[in-house]
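Take a look at the letters that make up each chain.
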Amino acid sequence: MNTAYQQFEQNSPSFDRADEKFASLGRHLRSSDALGATHDTLETYVIEKTREIARDMMQGHLELRAAAERAVRVVGNDGVARVETRNSSRQLHLLVGDVTVHRVIYQASGVAGLCPQDGALSLPKDSFSMGVRRRVAEEASFGSFDHVVERIKTTTGASIAKRQVEHLAQASSVDFEAFYTAQAVEPEGDEQFLVLTFDGAGIIMRTESLREDTRREAEKSANEPKLWPARLKAGEKSNHKRMAEVAAVYGIAAYVRTTEDVMGELSSIRLVQPERQPVRPRPVNKRTWASVEQDIGDVIEEGFLEALRRDPEGRRRWVVLVDGQLQQLRSIQAAAARHEVEITIVCDFIHTMEYLWKAAYCFHKAGSNEARRWVAHHARLLLDGSDPSQVAAGMRRSATLRKIENRAAVDKCAGYIRKRRDYMCYGNALAQGFPIASGVIEGACRHLVRDRLDCCGARWSVAGAEAILKLRALKVSGDFDAYWRFHLDREHERNHASRYADGLVPDPIPKPRLRLVK
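## Topic: the overall build of the protein
For the protein, the helix and strand inventory stands at 20 helices and twelve strands. The buried share of the protein, reckoned over its 518 residues, is 44%. At a minimum sequence separation of 6, the contacts of the protein that also span at least 24 residues come to 76%. For the protein, the exposed surface amounts to about 27700 Å²; the carbon and sulfur share of it is 50%.

So, in structure tokens, the structure goes:
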């Protein structure tokens, strides 16, 4: 006695077309014309023909599914059974070309119809496949929307408009927060510092997407005649930017250093090349993200929640590394009090150095050794643990005694240091191995924001900029592949499973039945 499967008819004209095209491709590659062709001509021909074959194979499979579809009991999440049926079809744009999906719609009076075949295939709500969506999301995170349109047109069998690119990019990022909430926490040692760092970067926005105060200024400026408009700095756009708040959370081992170690690392002021270059610990489990939609306080709150996921019992030392922006500092202190966590705030030393350099040019010629020595002296005072208020007062007294007339940069530097003196305990920070420079967040501002959103003369909507920031954050954090698998599951749940009773999509394809063969 043998067993065999009772199966349905598996012929399809599309499969026949694919077989014929494949045979034709083989004949051509064996022909004298092909033997005389260059490799680039052959490569273009093979890619084009195999794409056509792949499209026909996909169409054949979909026709096979349509032929195999059998009647099933369909009950929606509203408890209503759909007993009336009608045949229908829809277009699907794939990376290999357009195909038609034939399926049965189950209907009942007063309720939306359901298509079990759509659920079995996990089709998207619109006509673009998840493969096209992923390609658009990846391309849009690195290039302009016009660039994406061109790339899709020239490297795939699909075609898409610019407005659709923006829409798909937004739709592809909707599960960003849910993805990170659901992620398991990778273990880190309690001896590692938990570092939170924040910064801001401006994005040029459409006028209607600016925050209220900036929008009013932009509209007022547009209506005022300007006979002699002020010349803006390179890249500056007066009253056209909205700040994106950038955040990063990571773990890092202690890195104890001395003042001389730090001075030797600063090429702009070091006098002697250091004899040794110690191995610097690398950040681990780094997650970076940014938002132009949320306010500073909301992004900082999200940063604290991410840190609490990693250290819920508060066993680790939390270091918050910032550039000293006052609103940012207030939000950080409020979040720490709200969550009852102890933090150590460190003001970025490189940012402080920028103020020192500007002040130095009030005393000495720009680019001179005297200016370099002036900066080195004041940097050493701060790194050695001198009272920052005294350092600030000293530079002000010096400007007064030397009767410096153009001293605005000196007063600004001194004011910056004095207001943030509590966060400039660099001597103690170096002794305990804390990071004192915000290279991680500066890099995030560049990679997440400036390299993509501050180029090409683009003017952004809030929704469009937010989507690109999320997609770039996934790429920078190395989480895009895991996110896309999560996104596919969530899309299936939203578009299909949630619409059926008990969250189960009926299977429209009958399982093969065993029959006895004597």
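More follows now that the structure is in view.
## Some thoughts on the environment of Phe304
Structurally, Phe304 is set in helix 11 (residues 296-310). Judged by its relative accessible area of 0%, Phe304 is buried. Each C-alpha atom, one on Phe304 and one on Ile332, is 8.7 Å from the other, the two residues being 28 residues apart in sequence. The contact partners of Phe304, leaving out residues within four places of it in the chain, are Leu196, Trp318, Ile332, Ala335, Ala336, His339, Val341 and Ile343.

## Regarding the confidence of the model for the protein
Of all residues in the protein, 89% attain a pLDDT of 70 or more, and the chain-wide mean is 89. Within the protein, the element-level pLDDT minimum falls on strand 1 (residues 2-6), averaging 40, and the maximum on helix 20 (residues 480-495), averaging 97. Of the regions scoring below 50 in pLDDT, residues 1-6 engages in 17 contacts with residues more than four places distant in sequence or in other chains.

## Side note on the packing of helix 5 (residues 130-140) against helix 6 (residues 145-155)
With their axes 9 Å apart at the nearest point, helix 5 and helix 6 run at an angle of 135° to one another. By the angle between their axes, helix 5 is oblique relative to helix 6. The handedness of the crossing between helix 5 and helix 6 is right-handed. When helix 5 is examined against helix 6, the residues Arg135, Val136, Glu139 and Ala140 are found in contact with a partner set consisting of Phe145, His147, Val148, Arg151, Ile152 and Thr155. For the contact of helix 5 with helix 6, a count of residues per class yields five nonpolar, two polar and three charged.

Rules used throughout
Residues numbered from 1 in each chain as written. Predicted model: local features only at pLDDT ≥ 70, side-chain atom pairs only at ≥ 80, totals over all residues. Heavy atoms only, no water. Helix = DSSP H or I, 4+ residues; strand = E, 2+ residues; numbered from the N terminus. Buried < 20%, exposed > 50% of the residue type's maximum accessible area, 1.4 Å probe, protein only. Contact = heavy atoms within 4.5 Å. Areas by Shrake-Rupley, 256 points an atom, 1.4 Å probe, with all protein chains shown as cover. pLDDT = per-residue confidence, 0-100. Axes fitted to C-alpha atoms, helices over the stretch in contact; angles between N-to-C directions. Parallel < 35°, antiparallel > 145°, perpendicular 65-115°, else oblique. Left-handed = near helix turned anticlockwise from the far one by under 90°. Nonpolar A, V, L, I, M, F, W, Y, C, P; charged D, E, K, R; others polar.

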